[in-house]
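Listed here are the chains, written in short residue letters.
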Amino acid sequence: IIKETSNIRGEISGNEGIKLIGEKLNNLTGVIKSNKKIDLDVKDTRNIKGYILSDGLTKEDIKQENKETKNVEDIKTKEIGINITGTLDNTK
């Protein structure tokens with residue numbers, strides 16, 4: 001278990017999913033992204049002006065007003081989403 005992780009203006013990425021366990025995560029203007037599921041088992045997550053992107057989404061996808069729908073079969077066959085345990089400060 002990591003006491004504190006700092007991802008200030010940085011990037012954490014993984015193709016097969018990401019799992020972070022610890023006391024504090026500072027993702028100030030940073031990016032955490034994965035092609036699959038993201039698990040943040042962190043007591044205090046600060047995501048101020050940052051991005052947490054699962055399932056292969058990009059910052060550009062989030063910024064688009066009209067998002068394309070994904071194939072339902074693709075969604076059923078893989079573990080998706082973001083699981084956050086603890087407090088989250090997601091200030092814009």
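What you see is a predicted model; the values in this text were computed from it and never measured.

Caption draft 1: Structural detail: the side chain of aspartate 55. Following the sequence through the fold, aspartate 55 ends up in the loop between strand E6 (51–53) and helix H1 (59–63). A distance of 2.9 Å separates a polar atom in the side chain of aspartate 55 from a polar atom in the side chain of serine 54. Within polar-contact distance, the side chain of aspartate 55 engages the backbone nitrogen of glycine 81 at 3.2 Å.

Caption draft 2: Main features of the side chain of aspartate 44. On the secondary structure map, aspartate 44 appears in strand E5 (residues 38–46). Polar side-chain contacts of aspartate 44 include one of 3.3 Å to the side chain of arginine 46. A polar contact is formed between the side chain of aspartate 44 and the side chain of threonine 87, at a distance of 3.4 Å. Beyond its immediate sequence surroundings of up to four residues, aspartate 44 is in contact with Glu23, Lys24, Leu25 and Thr87.

Cut-off values and rules
- Residues numbered from 1 in each chain as written.
- Predicted model: local features only at pLDDT ≥ 70, side-chain atom pairs only at ≥ 80, totals over all residues.
- Heavy atoms only, no water.
- Helix = DSSP H or I, 4+ residues; strand = E, 2+ residues; numbered from the N terminus.
- Polar contact = N/O pair within 3.5 Å; in protein donor to acceptor, adjacent residues only side chain to side chain.
- Contact = heavy atoms within 4.5 Å.

Structural measurements only, silent on function.
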